[in-house]
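Residue strings, one per chain:
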Amino acid sequence: RWGQAVQLFNGKDATGWRFDDPSRADSWKIENGTLVNTGAGANIITVRQFEDFRLHLEFNCPRGANSGIYLRGRYEVQVEDDSTAEPASHHMGAVYGFLAPSPEMPRKPGEWQSFDVTLVGRRVTIVQNGKTIIDNREIPGVTGGALDSHEELPGPIYLHGDHGGIAYRNIVLAPAV
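Please read all numbers here as calculations on a predicted model, not as lab measurements. (Residues numbered from 1 in each chain as written. Predicted model: local features only at pLDDT ≥ 70, side-chain atom pairs only at ≥ 80, totals over all residues. Heavy atoms only, no water.)

**Student:** For this particular structure, what's the right way to read the pattern of salt bridges?
**Tutor:** Side-chain pairs of opposite charge can arise where the charged atoms are in close proximity. All chains considered together, the criterion is met by nine salt bridges. Two residues, R122 and E138, come together in a salt bridge whose shortest N-O distance is 3.8 Å. Taken together, the positions of R122 in the loop between β9 (112-120) and β10 (123-128) and E138 in strand β11 (residues 131-138) put the pair 16 residues apart, joining distant regions of the chain. E138 is paired through a salt bridge with R123; the nearest N and O atoms lie 4.0 Å apart. In this pair, E138 is assigned in strand β11 and R123 in strand β10, connecting sequence segments 15 residues apart. Judged by relative accessible area, which is 43%, E138 ranks as partly exposed. Salt bridges linked by common partners bring E80, D81, E104 and R107 together as one network. (Salt bridge = Lys/Arg side-chain N within 4 Å of Asp/Glu carboxyl O. Helix = DSSP H or I, 4+ residues; strand = E, 2+ residues; numbered from the N terminus. Buried < 20%, exposed > 50% of the residue type's maximum accessible area, 1.4 Å probe, protein only.)

**Student:** Help me out: how do you make sense of the sheet that holds strand β5 (residues 44-46) in this one?
**Tutor:** Sheet strands line up and pair through hydrogen bonds in the backbone, either parallel or antiparallel. As summarised here, the arrangement of the five strands in space is β2-β5-β12-β7-β8, forming an open sheet in which the pairing is antiparallel. The outermost strands of the open sheet, each flanked by one partner alone, are β2 (17-19) and β8 (75-80). Pairing of strand β7 (residues 66-71) with strand β12 (residues 158-159) involves two bridges; the strand directions are antiparallel. The residue bridging I69 from the neighbouring strand is L159, located in β12. (Pairing = 2+ DSSP bridges.)

Written out as structure tokens, the structure reads:
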């Protein structure tokens, strides 16, 4: 069962979020109701922490960009348009290094897309643009860039701010109850 959905990004400011490196927070801007990573800089992390949840968000990934959405701060769902030569577990919608999307959706640089992610324990389902690309698969462990390895604990949502160019909006999470 899912509880009341919480809007994680209000479209106006970074209320409810913190930066892992405040001195580089200027790499994130709020433009027209979207959260935009303008270049290499800080990662942005929710103040709240979550256990099991359903997450919806929309993203716009320009050509050649790369980012990630960290579930509980430990498991990266890849957002990218620059890894075609890398293994499929590094492509858009993958749980980085572990679970490849199947089917892999066509790349749509510069277009708004969506992810609906359900995480229960270590089991994840990822739906991209209404199509299931990872279906109730177990994540074998934390991915690179994880905040910590305490998988038994709640954790934040964090957006990778390392490569730039990606915009996010409509970030909504419904916790399990």
